[in-house]
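# Per-entry structural report
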Amino acid sequence: CALALAVLLCMALPARAADIEMIAPAMPPHFDAQGHGRIADVVRAALARCGHHVHFTVVPFGRHWADYEADTRYDALATAEADQTFSGYSSKPFMHLQDGATVLADGGLEHIANVTALAGHAVVTFPQAESILGIEATARRFASLRHRADRYDQVRQLLAGHSDAILADGLITAHFVQAVRDRADLGQEPDLDGGRAVVFRPIFATGPQRLYFRSAALRDDFDRCVGELDRSGELERIARPYVERYRAIVGDAYPVK
């Protein structure tokens, strides 16, 4: 009995202060190349609250999953979708992404409510979007479907009138819309009208995001401390500026957390 009690007490203890190597995808404004952003800042604050320090290695989107599994130097992975399983211990969902359609504000699709409304329209999206978004059958009814891993190219397709909608996370798309507009203001996008207004519509369910840790104790620390951030309102305070920055595009359609 004494041994069992000791084991339970040890399991309840928080992890010792740790320097955590976490691999993450390049997807501003959630994670930028310097390891900052809407999700990155929340993760950093939660781990710091527990006495830990995190260093982000940011790699192209999609590679982060493979590199985490292949390289045990990484202590943790950011982030995993609800239906993904990786080595180690999953955190509870703590933030959400929101996929949807970004369209021209005067293009006739500004009130789009579901993906079936894109039948007969030209769509641009990211590679493997059909399976990730669950639109394999619907996509067959699009007039065309172009895959562009480069987010700038997705925005250029829309603003140039070559596509009617971008299917992707709304905040990521808004970030690159603004980046293309900034380039246009500098004369670096001579073939585009950077002033064309766009709007985002959330035509898919929100995507809960989780972390994976190789240590159960670190996972437990993160769940506890990110929960404390959430209950205190600090999590929303950290994340909100990243949404407010693009409010003219996403409106009230993108979750703060």
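Anything mentioned here points back to the structure above.
Report follows, based on the coordinates. (Residues numbered from 1 in each chain as written. Predicted model: local features only at pLDDT ≥ 70, side-chain atom pairs only at ≥ 80, totals over all residues. Heavy atoms only, no water.)

The next subject is the overall build of the protein chain. The helix and strand inventory of the protein chain stands at 10 helices and 10 strands. For the protein chain, the C-alpha radius of gyration of 20 Å lies close to 18 Å, the compact-globule estimate for 257 residues. Taken along the three principal axes of its C-alpha coordinates, the protein chain extends 70 × 40 × 30 Å. In the protein chain, buried positions account for 47% of the 257 residues. Summarising the internal contacts of the protein chain: among those between residues at least 6 apart in sequence, 73% fall at separations of at least 24. About 12,200 Å² of surface is accessible on the protein chain, with carbon and sulfur atoms providing 52% of the total. Where the 27 positive side-chain charges of the protein chain centre and where its 33 negative ones centre are 3 Å apart. (Helix = DSSP H or I, 4+ residues; strand = E, 2+ residues; numbered from the N terminus. Rg over C-alpha atoms; globule rule 2.2 N^0.38 Å. Buried < 20%, exposed > 50% of the residue type's maximum accessible area, 1.4 Å probe, protein only. Contact = heavy atoms within 4.5 Å. Areas by Shrake-Rupley, 256 points an atom, 1.4 Å probe, with all protein chains shown as cover. Lys, Arg positive; Asp, Glu negative; His and termini not counted. Charge placed at Lys NZ, Arg CZ, Asp CG, Glu CD.)

Time to look at the nonpolar core. Of all hydrophobic cores here, the largest spans 68 residues; its most connected members are Met22, Val43, Phe94, Leu118, Leu167 and Phe222. By size, the runner-up hydrophobic cluster in this structure holds nine residues, among which are Ile23, Val59, Tyr68 and Ala80. (Core = buried A, V, L, I, M, F, W, Y, C linked by side-chain atoms within 4.5 Å.)

This brings us to helix α8 (residues 216-232). Spanning 17 residues, α8 covers 24 Å between terminal C-alpha atoms, matching the ideal 24 Å at 1.5 Å per step. The backbone nitrogen of alanine 217 has a side-chain oxygen 3.2 Å away, supplied by the residue at the start of α8, namely serine 215. (Expected span 1.5 Å × (residues − 1). Polar contact = N/O pair within 3.5 Å; in protein donor to acceptor, adjacent residues only side chain to side chain.)

One pass over the structure, following the stated rule, counts one disulfide. For cysteine 50, the disulfide goes to cysteine 225, at an S-S distance of 1.8 Å. Judged by the sign of its S-S torsion, about 105 degrees, the bond between cysteine 50 and cysteine 225 is right-handed. Of this pair, cysteine 50 sits in the loop between α2 (38-49) and β2 (53-59) while cysteine 225 is found in helix α8, placing the two residues 175 residues apart along the sequence. Each member of the pair, cysteine 50 together with cysteine 225, is buried. (Disulfide = S-S within 2.5 Å.)

On to the pattern of salt bridges. Side chains that carry opposite charge are capable of pairing whenever their charged atoms lie near each other. Within the structure shown, the criterion is met by 15 salt bridges. Its salt-bridge partner being arginine 44, residue aspartate 41 comes within 3.2 Å of it at the nearest N-O pair. Here aspartate 41 and its partner arginine 44 are both found in helix α2, three residues apart, which amounts to about one turn of the helix. Note that glutamate 236 and arginine 240 form a salt bridge whose closest N and O atoms lie 2.4 Å from each other. With glutamate 236 and arginine 240 both in helix α9 (residues 234-244), this residue pair falls four residues apart, about one helical turn. Classification of arginine 240 as partly exposed rests on a relative accessible area of 31%. Each of Arg49, Asp221, Arg224 and Glu228 takes part in a single network of salt bridges with overlapping partners. (Salt bridge = Lys/Arg side-chain N within 4 Å of Asp/Glu carboxyl O.)

Once that is clear, we can look at helix α3 (residues 63-70). Buried residues of α3: His64, Trp65, Asp67 and Tyr68, and no others. Buried residues in α3 make contact with β1 (19-25), β2, β3 (76-80) and β10 (206-213).

To continue, consider the packing of aromatic side chains. As enumerated under the stated definition, the model contains eight aromatic pairs in all. The interplanar angle of 25 degrees and the centroid separation of 6.5 Å between the aromatic rings of tryptophan 65 and phenylalanine 86 together place this pair among those described as stacked. Of this pair, tryptophan 65 sits in helix α3 while phenylalanine 86 sits in the loop between β3 and β4 (89-90); the two residues are 21 residues apart in sequence, bridging distant segments of the chain. Each member of the pair tryptophan 65 and phenylalanine 86 is classed as buried. An aromatic cluster is present here, built from Phe61, Trp65, Phe86 and Tyr212 joined pairwise through their rings. One cation-aromatic arrangement involves arginine 214 over tyrosine 68; the distance from NZ or CZ to the ring centre is 4.0 Å. (Phe/Tyr/Trp six-rings, centres within 6.5 Å; stacked < 30°, edge-to-face > 60°. Lys NZ or Arg CZ within 6 Å of the ring centre and 35° of its normal.)

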